[in-house]
Structure formats: C-alpha cells, structure tokens
Amino acid sequence: MEKETTFDSDLIHAIFKHIWTRRSLERERNGGTDAMESEFLLHQAGAGTSKKNRPTSANANALKLSCELLRVFVTEAVQRAAAIAEAEGVSKIEATHLERILPQLLLDF
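What you see is a predicted model, and the numbers here were worked out from it, not measured in a lab. (Residues numbered from 1 in each chain as written. Predicted model: local features only at pLDDT ≥ 70, side-chain atom pairs only at ≥ 80, totals over all residues. Heavy atoms only, no water.)

1. As for the packing of aromatic side chains
Note the cut-off: Two rings from Phe, Tyr or Trp (for Trp, the six-membered ring) form a pair when their centres are within 6.5 Å of each other. A pair whose planes differ by under 30 degrees is stacked, one over 60 is edge-to-face, and the rest are tilted. By definition, any uninterrupted DSSP run of H or I lasting at least four residues is a helix, any uninterrupted run of E lasting at least two residues is a strand, and each is numbered from the N terminus. Relative accessible area decides the class of each residue, using a 1.4 Å probe on protein chains only: under 20% of the type maximum gives buried, over 50% gives exposed, and in between gives partly exposed.
Scanning the model with the defined rule gives 2 aromatic pairs in all. Centre to centre, the rings of F16 and W20 are 5.8 Å apart; their planes meet at 40°, and the pair counts as tilted. A residue pair is termed a helical-turn pair when its members lie 3 or 4 positions apart in one helix, as F16 and W20 do in helix α1 (residues 9–30) at 4 residues. Residue class for F16 comes out partly exposed when judged on its relative accessible area of 29%.

2. What to know about helix α3 (residues 60–87)
Here is the rule we go by: Between the first and last residue of a helix there are one fewer steps than residues, each counted as 1.5 Å, and that sum is the expected span. Between two residues, a contact is recorded if the distance between any of their heavy atoms is within 4.5 Å. Distance and chemistry together define a polar contact, namely a pair of N or O atoms within 3.5 Å, with one atom able to donate a hydrogen and the other to accept it when in protein, and with adjacent residues in sequence counting only for side-chain atoms on both sides.
With 28 residues, α3 extends 41 Å between its outermost C-alpha atoms, agreeing within 8% with the 40 Å of an ideal straight helix rising 1.5 Å per residue. Of all the positions in α3, only L63, C67, R71, A77, A81 and A85 are classed as buried. Contacts made by the buried residues of α3 are with α1 and α4 (95–108). For α3, the capping residue at the N-terminal end is N59, with a side-chain oxygen 3.1 Å from the backbone nitrogen of N61. The positive-phi residue at the C-terminal boundary of α3 is G89, with phi of around 80°.

Read these as geometric descriptors, not functional statements.
In structure tokens form, the structure reads like this:
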C-alpha cells in the first residue's frame, strides 16, 4: 500500500506552539477576572500547578493524529469543491466553490 503524504508534524507543532503562545499572551494582557477566579479556585482545591506556570505541549502521537486529521480535512474539501466545479462545467476550483462546501464540511467534521 502506497503511503500518502501528510503534513509535516514539525510544522503543525510550530503552528500549535504559535497559537498557544498568542493565547497565553492574550490571557496575561487581558488579566480577566474569570481567569483569575478559576486560578484561585484551582489553587484552593489543590489542583496543582497553575496554567501560567505550565508549558503547553503535545506528544508525538497527538501531533501525528493532528496531521492525519488535517490531511483528511483538506482532501475532503478539495474533493467536494471539485465536484461543485465539475457540476458547473468548470475545470478549476475557485474560492466560491470552497465557500459553498465549507458549512457542511465543518458540520461533518
């Protein structure tokens, strides 16, 4: 069986880290009372280290699964958009084709 190409796990990990860093910075900047209250409640319950002190990470299997899910999602989007384009008699997928399939695709995933 031929191995299908998938997304590079290092790239996906870098994207995840970027998002985690941005959200962490936004939480620190906003300093919302909800975050403060939840930190206080966790500390009072003895739940361990606070979110601010814990680094966020993903293990290798989670990254591998994320890459595969992303590959399947993109493949399905292209196939559905191609079907719409073919039904319209067009040989090239355009943004409008993706816009038409996106709501149902998101519901399916």
